[in-house]
Structure formats: C-alpha cells, structure tokens
Amino acid sequence: TWRLREVGTWDASVDVFVGPPSPGGGPTHSEGTLVAEAVADRWLRTRFLNDSSGFNGAGLYGNDALKNHPVAVWVDTQTTFVTVGKGRWDGENVVDYAFEAEVPGKGKLAWREAHIRVSDDEKRFESFFEKPDGGALHIMTIVYRRRRPH
C-alpha cells in the first residue's frame, strides 16, 4: 500500500484552532511524535504522543481490497469510542477520510474529516475538520517531518 512509505518516526508540529487561544492569541501549539510501523506489508500502524499535553492515540490504516478504498481506525485518550474512516485516494499523495463513530445515546455520527497529504518522503500534512450542524470547522493542522538519526 502507498501508505507504507510513511514507516518511520516523525516529529509533529500541532496547531489546534478550537478551545482557548494561546497566550499570543493564535492557535494552541504543541509538539509530538508519530511512530509508524508496517503490519504484514499491507497496513500502517501508528502511535502518536503529544509531548506537551500528554494526549496519545493509535491508528491503523490501509486499503480495503474488497471495497477498493482506503480505511482507517483511530482511538485516543480524549474519546471513549472507536472512530472508523473511509477514504478517497487521489492516486498519488493525498487521501481524504470521513470518520464516523457510534456515540452512546446518539447513534452513528459523522463527525470528522481528515485531509492527509504526503508531499514527499520527508514531510506530510494533516488537516482535521469537524462537521457540526452540517458545516465544516477547521479544528487542527499537524505538520510532520521525518526524524533522521543523529
């Protein structure tokens, strides 16, 4: 799968656009680390740790061969449910996911979109949007740079 080129350790620069602003008035900024590993040469397993906030999460990404589209599963320390994503790949460097979760008491909820672009083997970008009331709210951007051995 094309996502296997992301195997390795990545330094993350995170900007969050919702919640209280940073002291300077802009987005809240933090740093983190993403470790991506191949599973059976078909899947990408990721572990993310935000060094500043203690947030951490894990994902599994690949291609559903029966339905012929990218898929993703994500869990983290801020949610109590599993989110499942169905994606569209542009054939080169971009995949867009629509994530859904079944929230207790609310049923199935389409709640987040992610736009992931791998510009080259050294840099990748993720932008996240929530879908409140049918609109799209840009909530977070993460820029990853591949960590090289010292």
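The following paragraphs examine the structure supplied in this document. (Residues numbered from 1 in each chain as written. Predicted model: local features only at pLDDT ≥ 70, side-chain atom pairs only at ≥ 80, totals over all residues. Heavy atoms only, no water.)

## Here's the deal with the overall build of the protein
The number of helices and strands found in the protein is zero helices and ten strands. Seen in sequence order, the protein has helices and strands lined up from the N terminus as β-β-β-β-β-β-β-β-β-β. The buried share among the 150 residues of the protein stands at 34%. Intrachain contacts of the protein at a sequence separation of at least 6 include 32% that bridge at least 24 residues. When the accessible surface of the protein is split by element, carbon and sulfur atoms take 55% of a total near 8800 Å². (Helix = DSSP H or I, 4+ residues; strand = E, 2+ residues; numbered from the N terminus. Buried < 20%, exposed > 50% of the residue type's maximum accessible area, 1.4 Å probe, protein only. Contact = heavy atoms within 4.5 Å. Areas by Shrake-Rupley, 256 points an atom, 1.4 Å probe, with all protein chains shown as cover.)

## Overview of the environment of V35
If you trace the backbone, V35 turns up in strand β2 (residues 28-39). Spatially, the C-alpha atom of V35 lies 7.6 Å from that of V7, the residues being 28 residues apart in sequence. Sequence-distant contacts of V35, that is, excluding residues within four places in its chain, are made with G8, T9, R45, T46 and R47.

## A short note on the packing of aromatic side chains
Any aromatic ring pair is given by two values, namely how distant the centres are and how the planes are angled relative to each other. Applying the stated rule across the entire model yields three aromatic pairs. Among the aromatic residues, ring-to-ring pairing joins Y61, Y97 and F99 into one connected group. Taking the ring centre of Y144 as reference, the NZ or CZ of R124 above it sits at 4.6 Å. (Phe/Tyr/Trp six-rings, centres within 6.5 Å; stacked < 30°, edge-to-face > 60°. Lys NZ or Arg CZ within 6 Å of the ring centre and 35° of its normal.)

## Quick look at the side chain of R146
Considering the arrangement of structural elements, one finds R146 in strand β10 (residues 137-146). With no salt bridge to any partner, buried R146 finds its closest opposite charge in E122, at an N-O distance of 4.3 Å. Among the polar contacts listed, one links the side chain of R146 to the backbone oxygen of R5, at a separation of 2.8 Å. Within the local environment of R146, its side chain forms a polar contact with the backbone oxygen of V7, the two atoms lying 2.7 Å apart. Setting aside chain neighbours within four positions, we find R146 in contact with R5, E6, V7, G8, T9, W10, D121 and E122. (Lys, Arg positive; Asp, Glu negative; His and termini not counted. Salt bridge = Lys/Arg side-chain N within 4 Å of Asp/Glu carboxyl O. Polar contact = N/O pair within 3.5 Å; in protein donor to acceptor, adjacent residues only side chain to side chain.)

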